[in-house]
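# Residue-level structural notes
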Amino acid sequence: MDSITSIIEPNNIKRLLNTEFVARHIEYFDKTDSTNEEAKRRPHLPSGTLFISDTQTAGKGRLGRKWESPGKDGIWMSLLLKADIPPDKIPQITLIAAISVCRALGNGSKIKWPNDIVIGTRKVCGILTEMSGGTSYIILGTGINVNNAGFAPELKEKATSLFIETGKKFERSEIIAAVMNEFEPLYKKFSENGFSAVIDEYKNLCITLDKDVRLIYRGAEIVGGAIDIAENGGLIVQTQNGIITVTSGEVSVRGIYDYV
Ligand code: BT5
């Protein structure tokens, strides 16, 4: 679409920011392996540095999975955060990031616990939080499908983009700025008061709740009903053998791409 600039311009993002430190410094790449890896290579940069690439050649998901990052259609970005956050609280940053993406994207986007953003029954965004240098810094990687017109056959049933959902093309710089503007105050609230300060909003956005779920727990596949989000961000599941709290891993939700 003509009015949509073809590359991401850091200055276009900066003029839309109302943050104090988040994305105040931007490292832009035409092409790189993975913005999470770029961030790991430059941990000396200020906290809040945002790494963006128009294309990723080795975009990654969790557990060594691949993240499709085709050129110029999506947002592939990683935020470097330097803070003294205990390792058990780091997954909660993913949950906060998910809230900020939902707020910024609108259009009915919801969270599939813990780290997928979906519109309808398909995934529009994934988040990969990594720590490095012990826990001295955290890398929050976010991939958002924006103007993609379609996906490879193996992703077709699972993935969507803002364009596919709305029929409109979006300026990626505006979405990046919107996510950053939403993230900073949530992150501050979380740093000061913990995850409980944002848990209600997370629950409201979380489509996993009140659904049947399937997951691997202690080596065995179990099914149950997702009934709540725990104070630590875990998913509380009612199973035949009682209530369990899952803090990480794969949870399939009935009706959403991988569990029908
Ligand atoms: C995620 O992993 O969802 C985390 C994705 C994080 C990507 C960002 S992009 C910027 C930064 N740099 C990186 O290298 N990564 C981060 P996971 O929950 O493991 O989901 C991965 C699965 O999602 C794959 O196995 C595919 O099934 C599916 N998938 C891959 N590419 C996709 C895409 N573009 N849109 C939707 N689904 C996709």
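For the structure, see preceding data.
These remarks concern the structure in this document. Source: prediction; values computed, not measured.

A separate point is the sheet that holds strand S9 (residues 220–229). Overall, antiparallel pairing links the five strands, which are arranged S11-S10-S9-S8-S12 in an open sheet. Of all strands in the sheet, those with a lone pairing partner are strand S11 (242–246) and strand S12 (251–253), marking the two edges. Between one strand axis and the next, the sheet turns through 40 degrees on average, direction left out of account.

Running from amino to carboxyl end, helix H3 (residues 90–105) crosses helix H5 (residues 172–193) at an angle of 140 degrees, the nearest separation of the two axes being 8 Å. On the basis of the axis angle, H3 is oblique to H5. Here the hand of the crossing between H3 and H5 comes out right-handed. Between H3, through Gln 92, Ile 93, Ile 96, Ala 97, Ile 99, Ser 100, Val 101, Arg 103, Ala 104 and Leu 105, and H5, the contact on the second element is made entirely by Ile 175, Ala 178, Val 179, Glu 182, Phe 183, Leu 186, Tyr 187 and Phe 190. The class makeup of the residues in the contact of H3 with H5 is 14 nonpolar, two polar and two charged.

The next point concerns the site of the ligand. Taken together, 28 residues sit near the ligand, with Ser 34, Lys 60, Arg 65, Lys 123 and Asn 145 positioned nearest. Lys 60 is positioned such that a nitrogen or oxygen atom in its backbone is 2.8 Å from an oxygen atom of the ligand. Take Asn 115: an N or O atom from its side chain is 3.5 Å from an oxygen atom of the ligand. Listed by contribution, the elements that provide at least two residues to the shell around the ligand are helix H2 (35–41), strand S3 (74–81), strand S6 (122–132) and strand S7 (137–145). Its residues assigned to classes, the shell around the ligand shows seven nonpolar, 13 polar and eight charged.

Take the nonpolar core next. Met 180 and Phe 183 are the most contacted members of the largest nonpolar core, which totals 65 residues. The leading source of residues in this core is H3, at ten residues. Aside from chain neighbours lying at most four places away, what touches Phe 183 is Val 22, Leu 79, Leu 81, Ile 93, Ile 96, Ala 97, Ser 100 and Leu 140. In this structure, Ala 39, Leu 45, Phe 51 and Ile 139 belong to the second largest nonpolar core, which totals seven residues.

Pairing between strand S1 (residues 26–32) and strand S2 (residues 50–56): six bridges, direction parallel. By the bridge assignment for S2, Ile 26 is matched with Leu 50. Following the chain from S1 across H2 to the adjacent parallel S2, one finds a crossover that is right-handed.

Another point: the state of the cysteines. Think of a disulfide as a covalent bridge from one cysteine sulfur atom to another cysteine sulfur atom. Taken as a whole and judged by the stated rule, the model has zero disulfides. Just so you know, Cys 206 is unpaired, no disulfide at all, and the nearest cysteine sulfur is the one on Cys 102, 9.5 Å from it.

About the criteria used
Residues numbered from 1 in each chain as written. Predicted model: local features only at pLDDT ≥ 70, side-chain atom pairs only at ≥ 80, totals over all residues. Heavy atoms only, no water. Pairing = 2+ DSSP bridges. Helix = DSSP H or I, 4+ residues; strand = E, 2+ residues; numbered from the N terminus. Axes fitted to C-alpha atoms, helices over the stretch in contact; angles between N-to-C directions. Parallel < 35°, antiparallel > 145°, perpendicular 65-115°, else oblique. Left-handed = near helix turned anticlockwise from the far one by under 90°. Contact = heavy atoms within 4.5 Å. Nonpolar A, V, L, I, M, F, W, Y, C, P; charged D, E, K, R; others polar. Near = heavy atom within 4 Å. Polar contact = N/O pair within 3.5 Å; in protein donor to acceptor, adjacent residues only side chain to side chain. Core = buried A, V, L, I, M, F, W, Y, C linked by side-chain atoms within 4.5 Å. Buried < 20%, exposed > 50% of the residue type's maximum accessible area, 1.4 Å probe, protein only. Right-handed = clockwise from strand over helix to strand, strands pointing away. Disulfide = S-S within 2.5 Å.

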